[in-house]
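# Analysis of the macromolecular model
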Amino acid sequence: QVLLVESGGGLVQAGGSLRLSCAASGRTFSSYAMGWFRQAPGKEREFVAAINWSGGSTNYAASVKGRFTISRDNAKNTVYLQMNSLKPEDTAVYYCAADTSRPLVPIHLRDRPGLYDSWGQGTQVTVSS
């Protein structure tokens, strides 16, 4: 497992932007697939976006496609989630996750929380209307 620490959450008005960061420990970050999930009050945790080890493949939930962008900087052991055109329904705790042992799983299958073995503590994003 790897230690993950999210940052960048906060309160923003609808239509605004935020960039979340997730810093990872360990010397093999560049071999991990990474994902972002979110959980709103009273709802189950849901997939937001995923990125493969190199950053060459990404996958997005339909609800955020075209508005959110996942990226990574392997030199900095960090994955990012750029969130634009935010909506009140994007309000949730956002979690970063790492799959440290299955680098070859196709990116379109990385919407499953069970694939990830390490999770951050989460960062709150609140979008006001």
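This part covers the environment of Phe68. Note that Phe68 resides in strand S7 (residues 68-73). Here Phe68 falls in the buried class, since its relative accessible area comes to 2%. Between the alpha carbons of Phe68 and Ala33 there is a distance of 18 Å; along the sequence they are 35 residues apart. When near neighbours in sequence (up to four residues on either side) are disregarded, Phe68 contacts Arg38, Val48, Tyr60, Leu81, Gln82, Met83, Asn84, Leu86, Asp90 and Tyr94.

This part is about the environment of Ser71. Inspection of the secondary structure puts Ser71 in strand S7. Apart from residues no more than four positions distant in its own chain, Ser71 is found in contact with Ile51, Val79 and Tyr80.

Turning to unusual backbone geometry, a few remarks are in order. In this structure, Asn77 is a non-glycine residue whose phi angle is positive, near 55°. On the accessibility criterion, Asn77 (19% relative accessible area) is buried.

Further remarks concern the state of the cysteines. A full pass over the atoms with the stated rule returns one disulfide. Across a sulfur-sulfur distance of 2.1 Å, Cys22 and Cys96 are joined as a disulfide pair. Between Cys22 and Cys96 the disulfide shows an S-S torsion of about -75°. By sign, it is left-handed. Within this pair, whereas Cys22 is found in strand S3 (residues 18-24), its partner Cys96 is found in strand S9 (residues 92-99), the two being separated by 74 residues in sequence. Judged on exposure class, the residue Cys22 and its partner Cys96 are both buried.

Right, let's talk about the pattern of salt bridges for a bit. Inspection of every chain in the model, using the stated rule, returns five salt bridges. Where Glu46 meets Arg38, a salt bridge forms, and the shortest distance between an N and an O atom there is 2.6 Å. Given a relative accessible area of 36%, Glu46 falls into the partly exposed group. Judged by its relative accessible area of 5%, Arg38 falls in the buried class. Close ionic contact of Arg67 with Asp90 constitutes a salt bridge, the shortest N to O distance being 2.7 Å. In this pair, Arg67 is assigned in the loop between strand S6 (58-60) and S7 and Asp90 in the loop between strand S8 (78-83) and S9, connecting sequence segments 23 residues apart. Its relative accessible area of 10% is what places Arg67 among the buried residues. One salt-bridge network, in which partners are shared between bridges, spans Arg38, Glu46, Arg67 and Asp90.

What counts, and where the lines are drawn
- Residues numbered from 1 in each chain as written.
- Predicted model: local features only at pLDDT ≥ 70, side-chain atom pairs only at ≥ 80, totals over all residues.
- Heavy atoms only, no water.
- Helix = DSSP H or I, 4+ residues; strand = E, 2+ residues; numbered from the N terminus.
- Buried < 20%, exposed > 50% of the residue type's maximum accessible area, 1.4 Å probe, protein only.
- Contact = heavy atoms within 4.5 Å.
- Disulfide = S-S within 2.5 Å.
- Salt bridge = Lys/Arg side-chain N within 4 Å of Asp/Glu carboxyl O.

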